[in-house]
Amino acid sequence: MSQNTGPASDGRIQSLDVLRGISLLGILLVNMISFHSPFGYYNPYEWWKYGDATVYTWLDIFVQGSFYPIFAMMFGYGMVIMRQRAHKNGTPFYSVSIRRLLVLLFIGILHVFLVWHGDILITYALMGMVLLLFIRLPGPILMGVAAVMYLLPQLIISALLILMASFDSVSLADFTDIVGMQQSAAAYSTGSFAEITGQRITDWAVQNGIREGGLFLYLFMILPLMMLGAGAAKLHWLQKAAAQKKKWTIILLVGLILGLAIKTIPINFSTSISYQYVQDAIGGPILGIAYAAAIILLMTSQKAGRLLKPFASAGKMSITLYLMQSIIGTLIFYHYGLGLYGQVSMATGTWLAVALFALQVVFAELWLSKFRQGPVERLWRLGTYGKRKMKMEESK
């Protein structure tokens, strides 16, 4: 077993942390667009022009919708590992997991109210609680149910949207919400903290489709991805990667070809909302699985594992770095910070995201050279176990 895909000396699986770390970069590249523009209210293919349009197209094909699935799958993978460790140590799993997810939910609520509307922690906490109902299932069943739960609704919705586009191509071609865009841009570029907070909550509700039952839809979008990761964990896919290179190579090739074919549909056919939905909802996760396969194959090599170690450090502090990205991004662009909202190009925003992530990787390496876990991860653990249990563990 390769040391890069199996457990490290501290019990962690390095490839799991690397996958989390690299997915953080992809998530930041997409989130950066929302930091500096009212991304949820306009058709990006109509909004961005010339060089900006080119940059967006590359991000849309290779990044958009392909990295949060990796993060969600690794969330499910991690929950199974926690369950296995709890059983091995004879400690409770379900009660601890519920407390852990409730703390994560609280962190997510603070994130939405005080920092940024594009939070994923609330969704992960809620879907994680639902995952607890399925986590006893065997690995193959978990993965099979996950595939059906995800693909069947997405294929039905995609077919309906494409059918609608064939009858009314005009209204679905340009879905810009002028009023929402203007209100969002005005609040973030000139509003007070209170006004920005109000807009932030409104944008979170719109983005998550609260009035339309959007949180319910996550049962068929985020939960299946977590179940897929949980099933893979039961089958020890990461730990056995070195002995299963042929399987991972097939997943890489099929996922890459099929994923890119679907992701380029808006470029080849139409940029309407129908085709963009198919691109992200179906093509995004497929391409994400191909990326994960490529990373896992790389991690079977000790040399590649050493080169990717900084991403593992980022993955160990994923919640800290994710929240840090939101804080720094909003301080750069919102009126209570540098006030650069709506004033940067796609290229500038993208390079800023790359530079910020590079600094975060350095920060993670330095922090973990002194401490066992990130600051938010420590608070998360403290909220889950309490001060007494933390002290007992640290004294061992």
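A brief report on the enclosed structure follows.

Basis of the calculations
- Residues numbered from 1 in each chain as written.
- Predicted model: local features only at pLDDT ≥ 70, side-chain atom pairs only at ≥ 80, totals over all residues.
- Heavy atoms only, no water.
- 1 Å grid on protein atoms, 1.4 Å probe; cavity = no way out; pocket = protein on both sides within 12 Å on 5 of 7 lines; lining within 4 Å.
- Points joined across faces, edges and corners; volume = space filled by probe spheres on them.
- Nonpolar A, V, L, I, M, F, W, Y, C, P; charged D, E, K, R; others polar.
- Helix = DSSP H or I, 4+ residues; strand = E, 2+ residues; numbered from the N terminus.
- Expected span 1.5 Å × (residues − 1).
- Buried < 20%, exposed > 50% of the residue type's maximum accessible area, 1.4 Å probe, protein only.
- Contact = heavy atoms within 4.5 Å.
- Salt bridge = Lys/Arg side-chain N within 4 Å of Asp/Glu carboxyl O.
- Axes fitted to C-alpha atoms, helices over the stretch in contact; angles between N-to-C directions.
- Parallel < 35°, antiparallel > 145°, perpendicular 65-115°, else oblique.
- Left-handed = near helix turned anticlockwise from the far one by under 90°.
- Patch = residues over 30% accessible without salt bridge, like charges linked within 9 Å, V, L, I, M, F, W, Y side chains within 5 Å.
- Areas by Shrake-Rupley, 256 points an atom, 1.4 Å probe, with all protein chains shown as cover.

Digging into empty space enclosed by the protein
Applying the stated rule across the entire model yields one cavity of 30 Å³ or more. A volume near 30 Å³ is recorded for the largest cavity. Surrounding the largest cavity, L29, V30, I33, F39, Y56, L59, D60 and Q64 form its lining. Partitioned by chemical class, the residues of the lining of the largest cavity number six nonpolar, one polar and one charged.

A few points about helix α12 (residues 223–234)
Across its twelve residues, α12 extends 16 Å between first and last C-alpha, which sits within 8% of the 16 Å expected from 1.5 Å per residue. Here α12 has its buried residues at L223, P224, L225, M226, M227, L228, G229, A230, G231, A232, A233 and K234. Buried residues along α12 sit in contact with α4 (68–89), α6 (121–131), α7 (139–167) and α15 (273–299). Two residues or fewer past α12, H236 is found with a positive phi of approximately 55°.

Things to note about the pattern of salt bridges
Under the criterion given, the structure shown has three salt bridges. Salt-bridge contacts for R20 lead to D17; the nearest nitrogen and oxygen are separated by 3.3 Å. With R20 and D17 both in helix α1 (residues 14–36) and three residues apart, this pair spans about one turn of that helix. Considered together, R20 and D17 belong to a single accessibility category, that of buried residues. The salt bridge involving E365 is made with K309; its shortest N-O contact spans 3.3 Å. Of this pair, E365 sits in helix α19 (residues 346–368) while K309 is found in helix α17 (residues 309–316), placing the two residues 56 residues apart along the sequence. Judged by relative accessible area, E365 falls into the partly exposed class, the value being 29%. On the accessibility criterion, K309 (42% relative accessible area) is partly exposed.

Structural notes on unusual backbone geometry
In this model, Y50 sits at a positive phi of 55°, which is unusual for a non-glycine residue. Inspection of the secondary structure assignment puts Y50 in helix α3 (residues 50–62). Overall, Y50 belongs to the exposed group, its relative accessible area being 75%. The phi dihedral of H236 falls on the positive side, at around 55°, and the residue is not glycine. You can see H236 is positioned in the loop between α12 and α13 (245–263).

Description of the packing of α4 against α12
Following both chains from N to C, one finds α4 and α12 inclined at 45°, their axes separated by 7 Å at the closest point. In terms of orientation, α4 lies oblique with respect to α12. The way α4 lies across α12 gives a crossing that is right-handed. Listed contacts from α12 to Y68, P69, A72, M73, F75, G76, Y77, V80, R83 and Q84 of α4 are L225, M226, L228, G229, A230, A232, A233 and K234.

Regarding a nonpolar patch on the surface
On the surface, F106, I109, L110, F113, L114 and F193 cluster together into a nonpolar patch covering about 560 Å² of accessible area. Looking at the nonpolar patch element by element, the count peaks at five residues for helix α5 (residues 94–114). Looking at the secondary structure, you find I109 in helix α5. On the accessibility criterion, I109 (36% relative accessible area) is partly exposed.

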